[in-house]
Amino acid sequence: MFERLREDIQSVFHRDPAARNAFEVLTCYPGMHAIWIHRLSGALWGMGWKWLARLVSNFGRWLTGIEIHPGAKVGRRFFIDHGMGIVIGETAEIGDDVTLYQGVTLGGTSWNKGKRHPTLEDGVVVGAGAKVLGPFTVGAGAKVGSNAVVTKAVPAGATVVGIPGRIIVKSDDEQQAKRKAMAEKLGFDAYGVSEDMPDPVARAIGQLLDHLQAVDGRLEGMCGALKDLGSNYCAKDLPVLRDEDFAGVKDKDDSQVG
Ligand SMILES: CC(C)(COP(=O)(O)OP(=O)(O)OC[C@H]1O[C@@H](n2cnc3c(N)ncnc32)[C@H](O)[C@@H]1OP(=O)(O)O)[C@@H](O)C(=O)NCCC(=O)NCCS
C-alpha cells in the first residue's frame, strides 16, 4: 500500500512543476484524495456493496469536486491536476500514467446500459474542460486539447482539439525520430523524452538532444574538411558510453531513495 502511495506521489512530481514535497502532495492535492477515495469505493463496488460504494464516492465528490463512479477502472499513476468539475462515468476505463485537468468529463451519450463511456489508454492527457463522450478509445499517448469535445476514437499519439474534436497534423514526427536516433546513439533511453510530456525536465533533455545533434552534424562536417586536407585527427574513436555506466548511476540513486 505504501509503495503505491509513493508511486502516486512521485507521479505528481513528474507532472506538476509546482509540487514541492511529499507532505504538500499528501495534504493539498484533491486529485490524489479523489483517487485514494476511489480505490476504496471501487473495492466496495467489487465486493457487491454497491450503495456503500456510491456513498463513499459521493463523499469523495463532496470533498474534492471530482466525481469518479466506483465502477470506473483506473490504472496506475493516474493524475488529476487541480480537480473540481471532473466526472468519470461508470464504464470508463483509464490506463496507466493518464493525466486529466480540471473540468474534464469522461461521459456517455446514451442511456443504454453496458459500455457507454470512453477508454483512455496509457499516457493520455486530457486538457482542462475537455469532454470525451462515448464508448470509444483514445489511443496511447494521445492528447485532448482544453475545451475540446471528442465523440470519436482518437488514434495513439494524436492530438485532438476543438468542437467537434479534430486531429491536428503534427509536424514534429520527424523531429521526434531524430531525437530518438540521437538518444540511441548516446546509449540513452529515450522513453519520456518527447514534446508530448508536460514535464520540464523531459523538454530540457529533448532540447539538449536537438543541440547535440546540431553539434554532431557540424563536427562531422569539420572532420570531413580536415580529412580532405590530409589530417587523420578524426580517425580516433570517441569514448563509448556503456549501459553499465547508466545502471551504476541508477543503482546509486535507488540506494539514496531507500
Ligand atoms: C492541445 C494541446 C495539447 C496542443 O499542444 P501542442 O502539441 O503544443 O500544440 P500547439 O500549442 O503547437 O498548437 C497546435 C495548433 O493547435 C491549436 N490549439 C492548441 N490547443 C488548442 C485547443 N485547446 N483548442 C483549439 N485549438 C488548439 C493551436 O492554436 C495551433 O494552431 P495553429 O497550428 O493553427 O497555430 C494543448 O494546447 C492543450 O490544450 N493542452 C491542455 C493543457 C491544459 O489543459 N492545461 C491546464 C493547466 S491548468
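Residues numbered from 1 in each chain as written. Predicted model: local features only at pLDDT ≥ 70, side-chain atom pairs only at ≥ 80, totals over all residues. Heavy atoms only, no water.

**Student:** Looking at this structure, how should I read the nonpolar core?
**Tutor:** For soluble globular proteins, the rule of thumb is that nonpolar side chains tend to be buried together. With 36 residues, the main nonpolar core has Ile88, Leu100, Leu106, Val126 and Val138 as its most contacted residues. When contributions to this core are tallied by element, the ones reaching two or more residues are α1 (2–15), α3 (30–46), β1 (66–68), β3 (79–80) and β4 (86–88). With three residues, the single largest contributor to this core is α3. In contact with leucine 106, not counting residues within four places along its chain, are Val87, Ile88, Gly89, Ala92, Ile94, Leu100, His117, Pro118, Leu120 and Val132. (Core = buried A, V, L, I, M, F, W, Y, C linked by side-chain atoms within 4.5 Å. Buried < 20%, exposed > 50% of the residue type's maximum accessible area, 1.4 Å probe, protein only. Helix = DSSP H or I, 4+ residues; strand = E, 2+ residues; numbered from the N terminus. Contact = heavy atoms within 4.5 Å.)

**Student:** How should I be thinking about the sheet that holds strand β2 (residues 73–74) in this particular structure?
**Tutor:** Sheet strands pair via backbone hydrogen bonds, and the direction of the pair is either parallel or antiparallel. On the basis of which strands lie adjacent, the open sheet formed by four strands has the order β2-β5-β8-β11 and parallel pairing. Each end of this open sheet is capped by a strand with a single partner; those strands are β2 and β11 (137–138). As judged from the two bridges shared by β2 and strand β5 (residues 93–94), these two strands associate in the parallel manner. The residue bridging lysine 73 from the neighbouring strand is glutamate 93, located in β5. (Pairing = 2+ DSSP bridges.)

**Student:** Looking at this structure, how should I read helix α6 (residues 200–228)?
**Tutor:** One turn of the α-helix equals 3.6 residues, which is why residues spaced by three or four share an orientation. Across its 29 residues, α6 extends 42 Å between first and last C-alpha, which sits within 8% of the 42 Å expected from 1.5 Å per residue. For α6, the complete set of buried residues consists of Ala202, Gly206, Leu209 and Asp210. Once α6 ends, the next one or two residues include glycine 230, with phi positive near 95°. (Expected span 1.5 Å × (residues − 1).)

**Student:** Can you walk me through the pattern of salt bridges in this structure?
**Tutor:** Where charged atoms of side chains with opposite charge meet at close range, the side chains can pair. Under the criterion given, the structure shown has nine salt bridges. Close ionic contact of arginine 39 with aspartate 8 constitutes a salt bridge, the shortest N to O distance being 2.9 Å. Of this pair, arginine 39 sits in helix α3 while aspartate 8 sits in helix α1, and the two are 31 residues apart along the sequence. Aspartate 8 gets classed as buried once you look at its relative accessible area, which sits at 1%. Here glutamate 90 makes a salt bridge to arginine 116, at a shortest N to O gap of 3.0 Å. Of this pair, glutamate 90 sits in the loop between β4 and β5 while arginine 116 is found in the loop between β7 (105–107) and β8 (119–120), placing the two residues 26 residues apart along the sequence. (Salt bridge = Lys/Arg side-chain N within 4 Å of Asp/Glu carboxyl O.)

**Student:** How do you make sense of the sheet that holds strand β15 (residues 166–168) when you look at a structure like this?
**Tutor:** Spatially, β3-β6-β9-β12-β14-β15 is the arrangement adopted by the six strands of the open sheet, whose pairing is mixed. Strand pairing shows two members of the sheet lacking a second neighbour, β3 and β15, which therefore form its edges. Across three bridges, strand β14 (residues 159–161) lies against β15 in antiparallel orientation. Residue pairing across strands places valine 160 opposite isoleucine 167, the latter belonging to β15.

Distances and angles like these do not, on their own, reveal function.
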